[in-house]
Amino acid sequence: MKLDNGLKIAVVYGSVFLGAGFASGRELIQYFVGFGRIGMWGLIVSGVLFALVGWAVLSICRREEISSYGGLMRHLLGDRLGPIMEGLVAGFLFCLFTAMLAGAGATAYQAFYLPFSAGALLVGLIVFAILCFGLDGIVKVNLFLAPLMLLGGIFIGIYSFLAYTAPVFASFGGRFGLAWLLSAVVYGSYNLVTGVPVLAATSKLAETKRDTLIGGLLGGGVITILGLAMSLPLFLYYADIISLEIPFLHIASGYGNLFSILYLTVLISALLTTAACNAFAVLQWLEGRGYKNKVKAAAVLCILGVLAAHIGFSNIVIFVYPIFGFLGLFKIIVILLNGWKKK
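Keep in mind that what you see is a predicted model, and the values were worked out from it rather than measured.

## Regarding the nonpolar core
Then, in step 1: Counting 109 residues, the largest nonpolar core has Leu72, Val127, Leu131, Leu192 and Tyr321 as the members making the most contacts within it.
Then, in step 2: Apart from residues no more than four positions distant in its own chain, Leu131 is found in contact with Ile138, Ala276, Ala279, Phe280, Leu283, Ala298 and Cys302.

Here it is, written out as structure tokens:
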């Protein structure tokens, strides 16, 4: 049976966020868990942003017959500012691609006691192979791995939460003010910096208004549910995992080998799909700059990514993500205003 185009978009859209935003647990701690119970509301705020911006981008691209991120930025920001924003975002997409390779290296070291470089190089090689097949390769890989990631992630989060007997927020005294809201918006915006280019590249699949609704709203909604489920055990084990590169790996190891294997499968799949989506978006940008040899460009991109991954996963999450999060706020406002105005 042929899969609905809206569902295809939703799967690819959701997969972009899983590696960059959820799977390791590092990002959830940084932007939500550290705020205590109110951090859960922050996750919902981010989820609403994912859904609304996803729908708006697909609607704009379908209405204006846009099929590339460059075309979208020029439509929204004009011929001068559009290319500048496009270039800045391409830089961040490369940073996210690098972060996923760094996450793979950290996983190889923490889980298998292998050299950091081995994990980063292996995922880099697989991403290169996927990129050689273009958009079709990206869609097929995500359709294959996304159900495993989503269902496995939800199961891991809920099971590890229910298996723990302490009160979930026992170690939190609470943090007041609106810092949690700002953190949620920044989190949503930096994820959307990479989500929007991927959506623009897949918008050619949105043939009807129904496709735009399903692609944006369902993709954002499912990711929100996954984020809430995976945050619960992080609250419980907060004191033990706060300094770890891959916090969820420590949690999973406490429930036996089978549980650890399941989590590692989810984590590696998430890192792989997110790395591939980000790298694909960078290649789309390079193609718009005149680089037509995709295989050569993909090879250079993967080599540079493996080398840059040695900066370290946590360093990228802590220092690079927030910078582009604030940059993404401007783009989100422009997208939502444009989508709302036309409707």
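## Remarks on the side chain of Ser189
Then, in step 1: The topology assignment puts Ser189 in helix H7 (residues 179–202).
Then, in step 2: The residues contacting Ser189, other than those within four sequence positions of it, are Gly325, Phe326, Gly328, Leu329 and Ile332.

## Observations concerning the packing of aromatic side chains
Then, in step 1: Per the stated rule, a full pass over the model turns up 6 aromatic pairs.
Then, in step 2: With 6.4 Å between their ring centres and 50° between their planes, Phe155 and Phe259 make a pair best called tilted. Of the two residues, Phe155 is situated in helix H6 (residues 134–162) and Phe259 in helix H11 (residues 257–288); the sequence distance between them amounts to 104 residues.
Then, in step 3: The class for Phe155 is partly exposed, based on a relative accessible area of 44%.
Then, in step 4: The exposure class of Phe259 is buried, given its relative accessible area of 8%.
Then, in step 5: Members of the aromatic cluster, joined through ring pairs, are Tyr31, Phe32, Phe50 and Tyr187.

Rules used in this analysis
- Residues numbered from 1 in each chain as written.
- Predicted model: local features only at pLDDT ≥ 70, side-chain atom pairs only at ≥ 80, totals over all residues.
- Heavy atoms only, no water.
- Core = buried A, V, L, I, M, F, W, Y, C linked by side-chain atoms within 4.5 Å.
- Buried < 20%, exposed > 50% of the residue type's maximum accessible area, 1.4 Å probe, protein only.
- Contact = heavy atoms within 4.5 Å.
- Helix = DSSP H or I, 4+ residues; strand = E, 2+ residues; numbered from the N terminus.
- Phe/Tyr/Trp six-rings, centres within 6.5 Å; stacked < 30°, edge-to-face > 60°.

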